[in-house]
Amino acid sequence: RPGRRAMEAAAGAGLLVCERLHPRHDPRWLLLLPPPLCLACVIETLGDGGASLVRKKHVLSCFRDVLAWHAVPVIQLLAQDERVCVHFIGTLFGKSTPFTLTNTKLPFQGVHCTMRGVHHFLSKAATMRGSLPMFNLLGKLADAIPGLADILVIEHGNLMEHLLAGLMYPNEGVKAAVCYLYGKLYSSPTSSERLSVHFTERLCDLFLATLGNAQTKELQVNCLGLLKELLNSDHFVSVIMSNSRRGTDSENTELLEGENPLPLVLKKLLLSRDEMLQVASVQCMTAVLVHSPIKYAPAFIHADIPEFLFECLFCTNEILLWSVYCCLLLLTEERLFFSKCHTVYGIESVVRSLKGILQLNNVELHKQGLLLFTEILKRQPVEIKLFTNLTMCKDAIGVLVEAVKCPVLEVAVEAVKAVAAILRKDHLSCPPVQYVELQKLIETMLKRCADLSLPPINRRPANKAVLRQGQFLLSTVEGFRNACRLAVECQSDPLAQENAFTAPGSESENTLSSFSEFLLRICDSLCIPIVLKHSERISSPALMEVFISTLSTLFSVVPSMQEKFSRKLGISPFSYLFVLPSSNPALNQACSSFLYSMCLSLHSAAEKMEDSSQQEREMSELLQRSLPQLNYSVPESLTLLSETPDPFCLDEALRSHQYCLLLLLYCAYALEDRFVPEAELFSAIRNFLLSVQDQGDCPPLYVFRAVLYLLAVCQDKGEALDSSPLCAIRRVLENTSDLSLVYIHHPLLLKFFLRYSELMGRFGRRILQLWFSWEDYSQIETEDAVSGLSSGLPDYPNSFTTLLHILKGNSSVVLILLDLVCLSTTEVAHKVLMTLSTFLKRNEDVVVCDLLRSQFLQILKQLLVESRSTTLRASKNLPLLLRLLFLVQLRNEAERELDSTDFKLLHHVSNLCGKCRPGDVELLQPSLNFLYWSLHQTTTCSQQRVVAVLLSSVPLLELLQKVLELTWMWPCRSGPALSPSEEALLCSAWLLTASLLAHQHRYNSEVHQMISLDVEKVLNAVIFRRKKPALLLGIILQFLRAILRQNFSSSLLVLVVQPTAQSRMEPSLSEDDASLYPLATWQVLSLVVSLQNLLVQKDLLLSQTVVTCLEVLMEYLHRRNQGIALHVVSQPWNRFLLFTLLDGGENSFLHPEILRLMTLFVRYRSSDIISQSEISQILQEAAKAKLAELPGATSHALRLFLLQVRVLTSELGFPGLSYLWFSIHATNVRCLGGVAVSLSHIAD
């Protein structure tokens, strides 16, 4: 048969088919495997008592090999008959070979049979070492058979005694097998629960002792495996740690080691050099702490385990690093971890570890390390300094900079959280504070935000990437807020103000002020734009709450820049959008705090009174009380202002809300954020005033100040106020003790008060006084000084320009200003006089001269009566008043008869000059200008009286004598040079003296005091100029011309002639010197040379004076000695001079000075200088010129030249001569360099 043949073939194929036994076996037990297997043969061979032991072992070994390769068919065959399976297991246990079953999947009865066999074997084992295979078998069966642990515990619990015995046996192989099996048992929840009592009462201490004394790695690993399974249960953790705490309560270290408390056991494993054991140890600690860090952390901390955990951070094993991070993170929840200074010991390890792992490509490790760093920074007590040296602090900041730059956003999110945590004063207070490093950190953080792509604008739920970006931005803004708070905290610490180690005289950027200014700059350039762009796309109340809180903190970062910061924020309208209703209480509170800070900042900036604390307290209470409730839209806000409270209602909430809203509107308008239209706001405030008038209420002064400001700003867009609201304003102002409490320095407010006569008449003077007390005139003085050196108009501030416009449109204000000169402080009066002076300069068409002169007389009389000479000289306002008086007089271009007011002013000013000393330049300059103007800008009748008044003032003439003598003292090599103002005073003194000399001779006026001058010094001042100013030289020449015309003979002048060295040697004068006396021939020749040199300079005013002086000198020489006159005029140098002056282009001879010079040469018949042919050529060129278009001075000089030519050659004639008449205008007084000069006086 085929089956028979198969069995025969199988019998001859191997040992697993027994020839003797196989024929009687059913074929179903045969498996045709390589090699063939008859399960019946194997079972019967193993149970055959006659078979040798060697054969049985060999058969069993071969059967094990088959199971290793073909377990499934063998098990399926065995499972066909449960009875056979049980018999086979019993046979195996009888042969003491249980290892064969480790790879089998036994049926249910087989399992129980195996357990019984195991128990039987363990019960009869002679030694525990012999039980090792059974323990290994159970462990492997537990791995292979699901649910075996529950079967073993529930139905074969008697095996637990053998396990305990094995754990106590002094063989680590047996203990390792037992621990492995225990680990499998406690991995099942059911078994774990049933073995709870067993563990508590019998196993716990034994297991901890085994773990503590384990020497082999196998036992250590299996013990840790069992421990990890136990630590999954709260109950077992509690039992184990209770046992441990019993040990840790003792101070005896040997006892602790003897009892093997868990923390010390794990500490021992942590100190091993095996990273696998270290990882397992740390993971076990973490498993304990997860259940309750507060409860179990002290045991580990008392065992100094954190110290060794920090040491493990120097490794490169990523799994160990991760485990240590997790364990330390749990320890940070216990206060003892910080109070024992473990963080101070380990912070350097954490920083170095972070620096190392950032080079790895392990995102989760990065996140966990940064999270640990963040928690340490957050929880570190303030009184314990974390960073003990500067290098460590800088390293920590550097690590955070690199972490923020990480391209993985999840890592960057954790990094910015750490940045927010490190920005604490106690962390960074190692002197010096590293402000420069912090700036880099903050800038890196904000730039990382700026590099993020903007989220899409949609209403769908945001994806994870968008949410992560939002979280990053939120953490960044929190970090920036902490930086601002750090700057505020450092303000109270002198050591944190600047780097104490900075070298003397050098500047350091590592200062608090630089850091604070950096925060303001970067907030403006990065923080605000980033947050606003993000908020435009996604609504995030949490982000806005932190952002607004940050802005509130920034108000205190640089206290001196609060107002500027407020105005910078207010330029954008976003700040007031927060007033709109919001369902987020935190955001509402942040917005309220922000607006509160801004309002108080503006109030402090506008408040100049010293005692403003009461107002600030009241305003603070009002804002804190009403701001959170003030959630209105714009139309609702305007309606709220127009409402009138019920007179029978005691609730003052409506008025409080109105007052708070007015303060907010004032804040907005002060910051140029006009989110409410001006016309509508003006109408609403008008209704508010009517309501206040009807109710008889009196708003707080800080609220009424806001009302006045808003009315002033909106006035141009609204209609004029009628009597009712004006009465309300007057009533409140009249009840105000000091108008400064409601005053705001703004040009529109000044314009508002001066617009309405009801307000100007009653309050105009005080408002103007406040205006000038607030106004800074330093820039105006600078602009005036600059404009004096240039031809353009000065660029005044807008506020000053507004006041000038008001003065131009309302002359009544000018009278109020003059009152302020008498009734205000010196500072205010000084500013008023400067204002009036500028107003008169820029508005020549305004007729106020008569109005001002009488007021000036009263002010001047008051000052002269109330002050002594020393007080007058020290007065700061008197020079301004005199300059203003001169400006008023200078505006009268036409000659006019002087009235009594003019002569009184003349008398007072001349007396004032007599009380001064030559050094009182500020007083004398405008005074002499005024006297000079009075002498030249009037009619002949008045002029004679003016001369008489001035000559009657002996002190004035004595003063002129002293001032003129200063000319000889300057410049000297040893003394300092004169200032421009002193030069101008010399010019005015010489000019006034020359005018008095000429007019005294003209009117033959009586002289009460003579002026003494040395002729030689006067001539030397011109001959030896020593870089004297052109104007001063010209005026001295003017004086010289006057005395030459009078032949050095005047009732006013005493000329002193000092003997020269030559006159001392020669007892008698030569004929020429005698004819020229008091001049000498050499002086005349030197004077002529000096005048010629001055003429070459081509200075217009100086040239006119020089030519006039040459004309008068030639007349003097012609009268005294014609020979010398002809000698002087015929010098060859004169022709060269003329050609030099004519070297100026086409028709250059048509200049008044050149024409007059040629006229002089023609007059004295100097044909060598200008020939007849040259005269004819000049006449031909003059005939081609358009005579009607020539300037008046040129026409006049040309006429004189032609007349002189006609006298010389009676045959000459020139058509059109009648058109050349020219009369010098009499009203041409100008102010040159601060000196009043009459051009007609110079050109005459």
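Numbering of residues starts from 1 in each chain and follows the order in which that chain's sequence is written. Only residues with pLDDT of at least 70 get local features here, since the model is predicted, and only at 80 or more are side-chain atom pairs given and counted; chain-wide, interface and lining totals rely on the full set of residues. Side-chain numbers come from the whole structure's heavy atoms, not from hydrogens or water.

Colleague: So, the overall build of the chain: which residues are in play, and what are the values?
Modeller: Elements are defined by DSSP. Helices are runs of H or I of four residues or more, strands are runs of E of two residues or more, and each kind is numbered from the N terminus. Across its full length, the chain carries 64 helices and six strands. Residue exposure (1.4 Å probe, protein chains only): buried if accessible area is under 20% of the type maximum, exposed if over 50%, otherwise partly exposed. Burial analysis of the chain (1244 residues in total) assigns 53% to the buried set. Taking all contacts inside the chain whose residues are at least 6 apart in sequence as the whole, residues at least 24 apart take part in 74%. Note on contacts: a residue pair qualifies if any of its non-hydrogen atoms lie within 4.5 Å across the two residues.

Colleague: Account for the environment of Cys 326, with residues named and values stated.
Modeller: Considering the arrangement of structural elements, one finds Cys 326 in helix H19 (residues 318-331). Placed 43 residues apart in sequence, Cys 326 and Gly 369 show a C-alpha to C-alpha distance of 8.6 Å. The residues touching Cys 326, leaving out its near neighbours within four places in the chain, are Thr 286 and Gln 368.

Colleague: Break down the confidence of the model for the chain for me, citing the residues and quoting the values.
Modeller: Atomic detail in the predicted coordinates should be set aside for any region of low pLDDT. The predictor attaches a confidence to each residue, and that confidence, scored 0 to 100, is pLDDT. Looking at the chain, the pLDDT average stands at 80 and 82% of residues meet or exceed 70. In the model, residues 788-792 has pLDDT below 50 throughout and makes one contact with residues more than four positions away in sequence or in other chains. Per-residue pLDDT stays below 50 along residues 1211-1227; that stretch engages in 30 contacts with residues further than four places along the chain or on separate chains.

Colleague: Break down the pattern of salt bridges for me, citing the residues and quoting the values.
Modeller: Think of a salt bridge as a Lys or Arg side-chain nitrogen and an Asp or Glu carboxyl oxygen that are within 4 Å of each other. Evaluated as defined, the whole model comprises 20 salt bridges. The residue Arg 202 makes a salt bridge to Glu 161 at a minimum N-O spacing of 2.5 Å. Here Arg 202, found in helix H11 (residues 196-213), pairs with Glu 161, found in helix H8 (residues 159-168); they are 41 residues apart in sequence, far enough to count as distant. With a closest N to O distance of 4.0 Å, Glu 414 and Lys 417 form a salt bridge. Taken together, the positions of Glu 414 and Lys 417, both in helix H24 (residues 409-422) and three residues apart, correspond to about one turn of that helix. Salt bridges sharing common partners tie together Glu 364, Lys 367 and Glu 410.

Colleague: Break down a nonpolar patch on the surface for me, with residues and values.
Modeller: A patch consists of residues whose relative accessible area exceeds 30% and which take part in no salt bridge; residues with like charges are grouped when within 9 Å of each other, and nonpolar side chains (Val, Leu, Ile, Met, Phe, Trp, Tyr) when within 5 Å. Only the protein chains shown count as cover for residues, and all accessible areas are computed by the Shrake-Rupley method using a 1.4 Å probe. Taken together, the side chains of Val 1057, Leu 1069 and Tyr 1077 present a nonpolar region at the surface, about 280 Å² in accessible area. By the element assignment, Tyr 1077 lies in the loop between helix H56 (1071-1076) and helix H57 (1081-1096).

Colleague: Can you explain unusual backbone geometry? Please cite residues and give values.
Modeller: The residue after Tyr 1077, namely Pro 1078, is reached through a cis peptide bond having omega 15°. Residue placement: Pro 1078 occurs in the loop between H56 and H57. The backbone of Asn 1047 shows a phi angle near 55°, a positive value even though the residue is not glycine. On the secondary structure map, Asn 1047 appears in the loop between helix H54 (1030-1045) and strand E4 (1053-1056). Despite not being glycine, Phe 1048 has its phi angle at roughly 55°, a positive value. As for its position among the elements, Phe 1048 is in the loop between H54 and E4.

Colleague: Can you lay out the packing of helix H47 (residues 877-890) against helix H49 (residues 921-936) for me, pointing to particular residues and giving the numbers?
Modeller: Between the N-to-C directions of two axes lies an angle of 0 to 180 degrees, each axis being a line fitted to C-alpha atoms and, for a helix, fitted only over the stretch in contact. Two numbers describe how H47 lies on H49: the axes approach to 8 Å, and their chain directions differ by 20°. For the element pair H47 / H49, the angle class is roughly parallel. For the element pair H47 and H49, the recorded crossing hand is left-handed. Residues Leu 878, Pro 879, Leu 882, Arg 883, Leu 885, Phe 886, Gln 889 and Leu 890 of H47 lie in contact with H49, whose contacting residues are Glu 922, Leu 923, Pro 926, Ser 927, Asn 929, Phe 930 and Trp 933. Note on residue classes: Ala, Val, Leu, Ile, Met, Phe, Trp, Tyr, Cys and Pro are nonpolar, Asp, Glu, Lys and Arg are charged, and everything else, Gly too, is polar. Looking at the contact of H47 with H49 residue by residue, the class counts come to ten nonpolar, three polar and two charged. When describing relative orientation, an angle under 35 degrees is termed roughly parallel and one over 145 degrees roughly antiparallel, while 65 to 115 degrees is termed roughly perpendicular and anything else oblique. Crossing chirality is assigned from the near helix's rotation relative to the far helix, an anticlockwise turn below a right angle marking it left-handed and a clockwise turn marking it right-handed.

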